There are 2 protein chains.
Amino acid sequence: MGRIFNFNAGPAALPLEVLREVQEELLDFDGTGMSVLEISHRSPAFEKVLQDTKSDIRDLLALPEDFGIFFMAGGGSLQFSCVPYNFLSEGKVAAYADTGSFSDKAFQEAEKVGKAVKVFSSKAQGYDRVPRPEEIRLPEQCAYLHITGNNTIEGTEYFDYPETGDIPLIADMSSEILSRPFPVEKFSLIYSGAQKNIGPAGTVLVLAKKDFVAGRDKKLPVMLNYETMLDKDSLYNTPPVFAIYIVGKVAKWLKKQGGLAAVETVNRKKAALLYDLLDTYPEFYKGRAAKDSRSIMNVTFNLPSKELEAKFAEEGKQQGLGGLKGHRSVGGIRASIYNAMPLAGCEALAAFMEKFYKDNVK
Amino acid sequence: MGRIFNFNAGPAALPLEVLREVQEELLDFDGTGMSVLEISHRSPAFEKVLQDTKSDIRDLLALPEDFGIFFMAGGGSLQFSCVPYNFLSEGKVAAYADTGSFSDKAFQEAEKVGKAVKVFSSKAQGYDRVPRPEEIRLPEQCAYLHITGNNTIEGTEYFDYPETGDIPLIADMSSEILSRPFPVEKFSLIYSGAQKNIGPAGTVLVLAKKDFVAGRDKKLPVMLNYETMLDKDSLYNTPPVFAIYIVGKVAKWLKKQGGLAAVETVNRKKAALLYDLLDTYPEFYKGRAAKDSRSIMNVTFNLPSKELEAKFAEEGKQQGLGGLKGHRSVGGIRASIYNAMPLAGCEALAAFMEKFYKDNVK
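Residues numbered from 1 in each chain as written. Chains lettered and ligands numbered in written order. Predicted model: local features only at pLDDT ≥ 70, side-chain atom pairs only at ≥ 80, totals over all residues. Heavy atoms only, no water.

(A) Here's a closer look at unusual backbone geometry. Residue and element names in this part refer to chain A. Of note, the bond from G10 into P11 is cis; its omega dihedral lies within 30 degrees of zero at -5 degrees. Here P11 shows up in the loop between β1 (5-6) and α1 (16-24). At S234, a position not held by glycine, the phi torsion is positive, near 70 degrees. Along the chain, S234 falls in the loop between α6 (226-231) and α7 (241-256). (Helix = DSSP H or I, 4+ residues; strand = E, 2+ residues; numbered from the N terminus.)

In structure tokens, the structure reads:
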């Protein structure tokens, strides 16, 4: 079959232009006579990939010089442990804003390491929203506040970030990084699994204030030590070469789109096409997220019955709209519309939703 | 330029046949209308990749049913921490055979977790050999013995494994796994970074006795917990989909070569071509490994001077023999000749060595 519109939540769609380039140069990368899958991580060819990737990401985010950029392995889930192992010391309390399944998992890993508290939770309301800044009260002796910037499963996203003053703010931005500009200087550390907006599964982008990661405990497992990863410039051990190479290509592609402000405009337009339908037919397309928390990356909703939801996902698939089934933990429908989803994909989905409504409304 | 013979130590050469298949199907995997880089790790298409890969590896190794197979992230370096975190409890002593730079790194990670001792070390002799089985004496209250099956940097390899009786034997087999048959039932757990013999950088293959990994401490960081990784069948979180997909293709390719016994025959022939030259011109090509420890994966040697070594690597490169420089920590020359290096590559290198000797001997 031909290429479909891929609404999967992650691993997710990549820009077709990027995939074509990868395909073309797969047997001989940059005149090395080797595939990029075979080159040494210490070769000049990869060194160039790594430095270009970092520099393009720095440009895209207008990242201040006091931030370091590095790549780690193990996905967001290993980061859930890295954060408390690095920053939750004896006598301190880690604060977590609980806005979804992944926030809760991050919290559970922190609890294994030391004292952790939830300073906000929307769990009882089915994780329908993120907190407003003024709702967050930090505990005494607070080590850091951890937030999940975009909640992939639930379809909610922060647009106003908490004010934490001197307390470090740490964010999991796996599903929205590089989808729009944001005030990066408010954060001490940001980690992002690549497999949604910026690349394939297999690497995590970390942006961290250099001062914040300096002075880590030498007894940390070396692969969890942010300071080592920064000091060794992602090359303490063999990094996931291929995944970083693709992140680099995606970063170049984002620059070609006009940078993050231009990308945000398109992303908001894409999301609006779908949310407009939820607002037009609220009894049929029942949005899961509170309006002011609506994610522009993951649009989640329910239909009047499970049968209709199954029919929606199946008919969508037959029309080349793949991956619309909601996460197995919550059901319903989810359209993930990351950077690589073209506007045409959301237009096609909106047209399908309009017709599906007309065909199926009672 | 055309494809070269790639003697890099890892990331390393992959079979050209595998690379061509990957290239061909890169835009549409298995009729999904998506690239394998974009498919969900919970999709039927990836589920098939994962199960086929496991089943082919089981066939190749004749792996008994009491062993589980799973994939982890973070490379060998994260495994260095996983092993003591999982198996080194209070009051126990971890034993390490120190046969190279990576053994020593593994030992250092264990020391962070609990009591660890080196029960053998060839460090003073420049890591020229691995121990004979009878040289290993295990301490009282021994948690496990950890060995490095093949020492990539030093060019030594175990062919007779220590007898540990009831004490679990754990091995890092990152650079020799699937290069020949071996008595897997002697081991409790084996881990192998994929980027040498079996795939690209980005995933680790773990073979473990199910009984051995059962009952882990629930307070372990979840991504370090072997039991969780086994129970969740490599899908606790998003695994490195693409790296596993390539490991699967390499496993199928190995079966097509006739399985591991056939692969071993070729590998031994390849190594013999090079070691024969070391034995013929021992004053010029000075082998680093003791004869009975010679690795059939990494052939390491020195030339009479650093200048000659640099000239050797450079002239080799000009003739399409890439990656011959030794590891930056030890210098010299290293030819890594993993499964994907064809016999023709070693023949070309041997011919080059013969001529280089004649042109440069005093």
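(B) Region of the structure containing the sheet that holds strand β4 (residues 115-121) of chain B. Residue and element names in this part refer to chain B. With mixed pairing, the seven strands of this open sheet are ordered in space as β2-β10-β9-β8-β5-β3-β4. The sheet is open, and its two edges are formed by β2 (67-72) and β4, each paired on a single side. Taking each pair of neighbouring strands and ignoring which way they run, the sheet shows an average axis angle of 20 degrees. Taken together, the three bridges between strand β8 (residues 169-172) and strand β9 (residues 189-193) define a ladder with parallel strand orientation. Bridged to D172 within β9 is Y191. Lying over the sheet, helix α2 (residues 44-61) contacts β2 and β10 (204-209), oriented at roughly 130 degrees with respect to β2. Packed onto the sheet, helix α3 (residues 75-87) meets β2, β3 (93-98), β5 (142-148), β8, β9 and β10 and runs at close to 160 degrees relative to β9. (Pairing = 2+ DSSP bridges. Axes fitted to C-alpha atoms, helices over the stretch in contact; angles between N-to-C directions. Contact = heavy atoms within 4.5 Å.)

(C) Up close: the relation of the copies chain B and chain A. After a rotation of 180 degrees and a shift along the axis of 0.0 Å, chain B superposes on chain A with an RMSD of 0.0 Å. A rotation of that kind, with that shift, is consistent with a two-fold axis. Most of the interface of chain B is mirrored in chain A, where 100% of its interface residues again form contacts. (Least-squares fit on C-alpha atoms with pLDDT ≥ 70 in both.)

(D) Here's a closer look at the pairing of strand β5 (residues 142-148) of chain A. Residues and elements named next belong to chain A. Of all the seven residues making up β5, seven are buried; the element is thus mostly covered by neighbouring parts of the structure. Pairing of β5 with strand β8 (residues 169-172), which is carried by four bridges, proceeds in the parallel orientation. Opposite I147, over in β8, you have A171 as the bridge partner. (Buried < 20%, exposed > 50% of the residue type's maximum accessible area, 1.4 Å probe, protein only.)

(E) Region of the structure containing empty space enclosed by the protein. Tallying each qualifying case throughout the model produces five cavities of 30 Å³ or more. Lining the largest cavity we find 19 residues, and of these A73, N237, T238, P239 and P240 of chain B sit closest to its centre. For the lining of the largest cavity, the per-class residue count stands at 10 nonpolar, nine polar and no charged. For the second largest cavity, the calculated volume is near 90 Å³. Of all the secondary structure elements, the ones that give two or more residues to the lining of the second largest cavity are α7 of chain A together with α7 (241-256) of chain B. Classifying every residue of the lining of the second largest cavity gives 11 nonpolar, two polar and no charged. (1 Å grid on protein atoms, 1.4 Å probe; cavity = no way out; pocket = protein on both sides within 12 Å on 5 of 7 lines; lining within 4 Å. Points joined across faces, edges and corners; volume = space filled by probe spheres on them. Nonpolar A, V, L, I, M, F, W, Y, C, P; charged D, E, K, R; others polar.)

(F) Summary view of helix α8 (residues 260-280) of chain B. Residues and elements named next belong to chain B. The terminal C-alpha atoms of α8, which comprises 21 residues, lie 29 Å apart, in line with the 30 Å expected from a rise of 1.5 Å per residue. The sharpest bend along α8 comes to roughly 25 degrees, located at L273. Along α8, the residues classified as buried are L260, V263, E264, N267, K270, A271, L274, Y275, L277 and L278. Buried residues along α8 sit against α2, α7, β11 (286-287), β12 (298-302), β14 (333-336) and α10 (343-360). (Expected span 1.5 Å × (residues − 1). Bend = angle between axes of the 7 residues up to and from the residue.)

(G) Main features of the environment of L254 of chain B. All names here are of chain B. Tracing the chain through its elements places L254 in helix α7. L254 gets classed as buried once you look at its relative accessible area, which sits at 0%. The sequence separation of L254 and T203 amounts to 51 residues, and the corresponding C-alpha distance is 18 Å.

(H) Region of the structure containing the interface of chain B and chain A. Counting residues at the interface gives 62 residues for chain B, matched by 62 residues for chain A. With both sides pooled, the region where chain B packs onto chain A buries about 4,900 Å², and carbon together with sulfur makes up 58% of that total. In terms of surface lost to chain A, no three residues of chain B exceed L27, L37 and E38 of chain B, which account for 14% of the buried area on that side. For the pair chain B and chain A, the interface holds two salt bridges. (Buried area = accessible area lost by both parts, 1.4 Å probe. Salt bridge = Lys/Arg side-chain N within 4 Å of Asp/Glu carboxyl O.)

(I) Structural view of the pattern of salt bridges. Evaluation of the coordinates by the stated rule reveals 50 salt bridges over all chains. The residue D56 of chain A makes a salt bridge to K252 of chain A at a minimum N-O spacing of 2.8 Å. Here K252 of chain A lies in helix α7 and D56 of chain A lies in helix α2 (residues 44-61), a separation of 196 residues in the sequence. Residue D56 of chain A is classed as buried on the basis of its relative accessible area, which comes to 7%. In this structure, E163 of chain B and K186 of chain B form a salt bridge, with 2.9 Å as the shortest nitrogen-oxygen distance. Placement of the pair is E163 of chain B in the loop between β7 (156-157) and β8 and K186 of chain B in the loop between β8 and β9, with a sequence separation of 23 residues. For E163 of chain B, a relative accessible area of 61% translates into the label exposed. Connected through salt bridges with shared partners, the residues D56, D59, K252 and K255 of chain A form a single ionic network.

(J) Structural context of the environment of V299 of chain A. Residue and element names in this part refer to chain A. For V299, the position within the fold is in strand β12 (residues 298-302). Residue classification places V299 among the buried residues on the basis of a relative accessible area of 0%. Along the primary structure V299 and Q141 are separated by 158 residues, whereas in three dimensions their C-alpha atoms are 37 Å apart. Here V299 is in contact with L274, Y275, L278, I333, R334, A335 and I337, once residues within four sequence places are set aside.

(K) Layout of the nonpolar core. Among the nonpolar cores identified, the biggest contains 120 residues, and I57, L207 and F242 of chain A together with I57, L207 and F242 of chain B are the most heavily contacted of them. Not counting chain neighbours up to four residues away, the residues in contact with F242 of chain B comprise L37 and F242 of chain A together with V22, L26, V36 and L37 of chain B. Counting residues in hydrophobic clusters, the runner-up holds 62 residues, among them A116 and M223 of chain A together with F70 and V83 of chain B. (Core = buried A, V, L, I, M, F, W, Y, C linked by side-chain atoms within 4.5 Å.)

(L) Structural detail: the packing of α3 of chain B against helix α4 (residues 101-113) of chain B. Residue and element names in this part refer to chain B. It is the contact of α3 with α4, at a shortest axis distance of 8 Å, that shows an interaxial angle of 40 degrees. Judged on the interaxial angle alone, α4 and α3 are oblique. Viewed along their axes, α3 and α4 form a crossing whose handedness is right-handed. Across the interface between the two elements, F80, S81, P84 and Y85 from α3 touch F102, K105, A106, E109, A110 and V113 from α4. A breakdown of the residues in the contact of α3 with α4 according to their chemical character gives seven nonpolar, one polar and two charged. (Parallel < 35°, antiparallel > 145°, perpendicular 65-115°, else oblique. Left-handed = near helix turned anticlockwise from the far one by under 90°.)

(M) Broad picture of helix α9 (residues 306-318) of chain B. Residue and element names in this part refer to chain B. Taking 1.5 Å of rise per residue, 13 residues should cover 18 Å, and α9 covers 18 Å from first to last C-alpha, within 8% of that figure. Those residues of α9 lying buried are L308, E309, F312, A313 and G316. Projected onto a plane normal to the axis of α9, the buried residues spread over an arc of 135 degrees and lie on a single side. More than 90 degrees from the buried face of α9, the exposed residues found are K306, E307, K317 and Q318. Contacts made by the buried residues of α9 are with β12, β13 (321-322), β14 and α10. Residue G320 follows α9 closely and has a positive phi angle near 80 degrees. (Arc of directions from axis to C-beta.)

(N) Broad picture of the sheet that holds strand β14 (residues 333-336) of chain A. Residue and element names in this part refer to chain A. On the basis of which strands lie adjacent, the open sheet formed by three strands has the order β11-β12-β14 and antiparallel pairing. The sheet is open, and its two edges are formed by β11 (286-287) and β14, each paired on a single side. Here β12 pairs with β14 via four bridges, running antiparallel. Within β14, the position partnered with V299 by the bridge is A335.

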